[in-house]
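# A structural walkthrough
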Amino acid sequence: MTLLDDLKNKRLLIDGAMGTQLQARGLPTGENPEYFNLEHPEIVAAIHADYVAAGADILTTNTFQANRAKLPAEKLPEIIAAAVKLARNAGPMYVAYDMGPTGHMLAPMGTLSFDAAYDIFKEQAVLAEANGADLVILETMADLLETKLAILAIKENTKLPIFATMTYQADGRTFVGTDPVTATLTLQNLGIDALGANCSLGPSELLPMVKEILSVATVPVIIQANAGLPVMENGETVYKITAEEYCATAAEFLKLGVRVLGSCCGSTPEFTQGLRKLLDAAGDLVALQPKTGTFLTSGLKTVEVKKNQLTLIGERINPTGKARFKEALRAHDLGYIMKEAVVQRDAGADVLDVNVGLPEIDEAAMMVDSVTEIQSLLDLPLQIDSSEVEALEAGARHYNGVPLINSVNGKKDNLAKVLPIAAKYGAVILGLCLDEDGIPDTVEKRVAIAKRIIAEAASYGIPKSRVMIDPLVLTASAQQEQVAVTLGTLKVLNDELDVRTVVGLSNISFGLPNRALLNGTFLAQAVGIGLSAPIMNPKSDYMMSVVRSLKVLLNQDVQAMDFIDKEQHTKVNVASGADNTTVAQNDEGLDLKEMIIRGRKELTEAEAKKLLAEGKTPLEIVDGYFIPALNVVGDAFGAGTLFLPQLMQSAEATKNAQEVLKNYLLKQGAQAESAGRILLCTVEGDIHDIGKNIVKMILENYGYDIVDLGKDVPIAKVVETVEQQEIKLVGLSALMTTTVQNMKKTITALREAGFDGKVMVGGAVLNEEYREFVGADYYAKDAMISVDIAKTFFKSV
């Protein structure tokens, strides 16, 4: 029997915590656990042996941080070889290579490129397979795109099965903002073998997320909760949940259909022993009963394209017939594309079509840049639209989520080229009803092509739920009789094939006057017989009024709330929303405050210059635009209605405007007044700085002068810098419980050196209890709280 056979036929038990077990057996504070594979192999071997004796089927290697972003590259082969060997020698059924995140944020939020991150994961995967690992388990992942590229690196360079678990916060989302349903839909489409959640929360706290995962999971689900949330007792980190309590909730996981169980931080072999008894007594497997549907996702959101409901695909990111858009593409002006994306989102689009095809540019590269930039700002899923296979693949590869690929058709060579891309990257595919003979002139022939596309997709492992069909709309001005064929095909697709449908709406009216009226009338006809997703212009007031009307009639707009809100004072304008934009200019009526709130970083530099030219002083711009905007963004972030990617875009927008003010003051022989100087660093022994870097950017937005010492900073350097630069507010970060002690030592050293200022602390493991333990004055739960702390502190000095 293979691992995959066992996964289908029985429940599997994975081991428990490694890090906290190593700490209990002598791992010094701040030392990387992976070095114990070489320096103290007997300790690692003993932990593995204890878990096998307790009944674990799968052992995870001591390699969570074994990557070149965290450890010296030349040490990795030796560390990984030793780790796999130590696990194998313990005699488990299977050895899982444990692979954690890089610890860096991907561009554009951070500085780590897609390709560089890919290489980090590839290197580990190749070494894991070469040394005999049976599978790779990706653990404690927070960034969905990072998880995707790790999966690609493993699948493209090894034959190892893949488990992947995300880590969720108490708000039900990852640190980056991904919810369990979105993560599950995205990851299982990539062809991994099991998925789920680990770390961060105890089993009871994780239970709601487990239910969300299982609501859509089509692959086995793995859950490894912490032994509760850590607390401090007598200066030590303690996990309070007992093995018995853990297993009581784990029994609920099994009843819901979880297939692979384990435990995470704070657990012991006793937990594994209890889980073994639980699994052995569990009885028959519980079959998964996932919700089925056609789902498109971004990194932050899932959109279901439902039967008898409207999903709007915005058409305007397309250069066809748009001279200014073509100009923007030639100039690589992403600001134009971002503007079109934002205004369509604001107008009501659910999905955005992205077509950047011009023969004289590198379309694949432009597709990647466009997709990356749009996804950094908006949470809408995207339709990747190109006639060039290379551009389709490039966009799908770098896309964060489940995209809609536009398109495939009934031609054999086209099916052979495009369907593998959709299969590999987990996309939904849009099939066009045409083949080598062109567009058929009968309903029967178009339906036959649709059936062929669906069947061929299935042969690549793409289910019908991931196929949408466009029956093709021809112009009423030239082929009037074909309108009925399109509508007839729509009806069969909806009623008999039960597949979601798409049409390019504006084609119907080409060459005729009053196009919006004709488009709206055809839309009503098409929706009445089952159209799911029109590709249309959401900037047309008339068309959006038609859409809102249809949503009322479809019972999609419950109690007509949106219709009443939008239409009670509306005067319908049937204008088509023609292309009258100006490249990279603010013709949307946004002021600087609104630009920052919306994260429109491509506009803020010019707007800041404009305000200075109008006579505004830098201080007036900061107080009148920067601060009010950032307060709005901060409130939304705190309320959970805005997530980390959008917060970072607003910060970048502010930063671009700040540079204008700094340059202006330099020319005037002046200097920007600092709101206060703050030292930030990640404490000694901790090599994670994502959170610290976010805090730095946000504080700088508010005018604070930041002295950033980086990560893994020696205690003496912190003390020395504080004394030399007379700093009165210090911010310390730690991600790992193992480095909290160093945070305490740093604060103690500061006090002993005569530091009379204040210290704020933050990081994934920190809370009020830890703040009290380390002796800090403030606990900053997130970046916006650090701003509040800074404001309070500097008002008092």
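The coordinates are above.
Here's what I pulled together on the structure shown here. These numbers come from a predicted model, not from an experiment. (Residues numbered from 1 in each chain as written. Predicted model: local features only at pLDDT ≥ 70, side-chain atom pairs only at ≥ 80, totals over all residues. Heavy atoms only, no water.)

### Here we look at unusual backbone geometry
The amide bond that connects Ala-107 to the next residue, Pro-108, takes the cis arrangement and shows omega of 5°. Tracing the backbone shows Pro-108 in the loop between β3 (94-99) and α6 (114-130). Cis peptide bonds are those with omega within 30 degrees of zero, and the linkage from Asn-406 to Ser-407 qualifies with 20°. Take Ser-407: it is sitting in strand β16 (residues 404-409). (Helix = DSSP H or I, 4+ residues; strand = E, 2+ residues; numbered from the N terminus.)

### Quick look at the sheet that holds strand β19 (residues 500-504)
Taken together, 8 strands build a closed barrel; the order of strands is β13-β14-β15-β16-β17-β18-β19-β20 and the barrel is parallel. Strand after strand, the sheet turns through a mean of 30° between neighbouring axes, direction not considered. Where strand β15 (residues 382-385) meets β16, 3 bridges bridge the pair, whose relative direction is parallel. Considered in β16, the bridge of Gln-383 is made with Leu-404. Packing of helix α16 (residues 412-425) onto the sheet brings it into contact with β16 and β17 (428-432), and relative to β16 it is tilted by some 160°. Packed onto the sheet, helix α17 (residues 443-459) meets β16, β17 and β18 (467-470) and runs at close to 160° relative to β18. (Pairing = 2+ DSSP bridges. Axes fitted to C-alpha atoms, helices over the stretch in contact; angles between N-to-C directions. Contact = heavy atoms within 4.5 Å.)

### Regarding the nonpolar core
A general tendency of soluble globular proteins is for nonpolar side chains to be buried together. Among the nonpolar cores identified, the biggest contains 136 residues, and Leu-138 and Ile-374 are the most heavily contacted of them. Not counting residues up to four positions away in its chain, the partners in contact with Ile-374 are Ile-317, Ile-337, Met-338, Ala-341, Leu-352, Val-354 and Leu-382. Counting residues in each nonpolar core, the second largest holds 47 residues, with Ala-608, Tyr-625, Leu-647 and Tyr-702 among its members. (Core = buried A, V, L, I, M, F, W, Y, C linked by side-chain atoms within 4.5 Å. Buried < 20%, exposed > 50% of the residue type's maximum accessible area, 1.4 Å probe, protein only.)

### A closer look at the pattern of salt bridges
Counted by the stated rule, this structure contains 36 salt bridges. A salt bridge links Arg-397 to Glu-156; its shortest N-O distance comes to 2.7 Å. Placement of Arg-397 in helix α15 (residues 389-398) and of Glu-156 in helix α7 (residues 144-157) is noted, with a sequence separation of 241 residues between them. The exposure class of Arg-397 is buried, given its relative accessible area of 16%. Between Arg-330 and Glu-360 there is a salt bridge; the shortest N-O distance is 2.6 Å. With a gap of 30 residues between them, Arg-330 in helix α12 (residues 323-330) and Glu-360 in the loop between β14 (351-354) and α14 (363-377) connect regions that are remote in the sequence. Because the salt bridges share partners, they merge into one network encompassing Arg-345, Asp-346, Glu-594 and Arg-598. (Salt bridge = Lys/Arg side-chain N within 4 Å of Asp/Glu carboxyl O.)

### Structural notes on helix α26 (residues 690-701)
The periodicity of an α-helix, 3.6 residues per turn, causes residues three or four places apart in sequence to face the same way. Across its 12 residues, α26 extends 17 Å between first and last C-alpha, which sits within 8% of the 16 Å expected from 1.5 Å per residue. Considered for burial, the residues of α26 that qualify are Lys-692, Ile-694, Val-695, Met-697, Ile-698, Leu-699 and Asn-701. Of the residues one or two after α26, Gly-703 is the one with positive phi, at around 95°. (Expected span 1.5 Å × (residues − 1).)

### Examining the packing of aromatic side chains
Tallying each qualifying case throughout the model produces 4 aromatic pairs. Arranged with centres 5.5 Å apart and planes meeting at 70°, the rings of Tyr-246 and Phe-271 form a pair that is edge-to-face. Taken as a pair, Tyr-246 in helix α10 (residues 243-256) and Phe-271 in helix α11 (residues 269-280) lie far apart in primary sequence, 25 residues in all. Taken as a pair, Tyr-246 and Phe-271 share a single burial class, namely buried. The lysine or arginine in question, Lys-744, covers the ring of Phe-773, its NZ or CZ lying 4.7 Å from the ring centre. (Phe/Tyr/Trp six-rings, centres within 6.5 Å; stacked < 30°, edge-to-face > 60°. Lys NZ or Arg CZ within 6 Å of the ring centre and 35° of its normal.)

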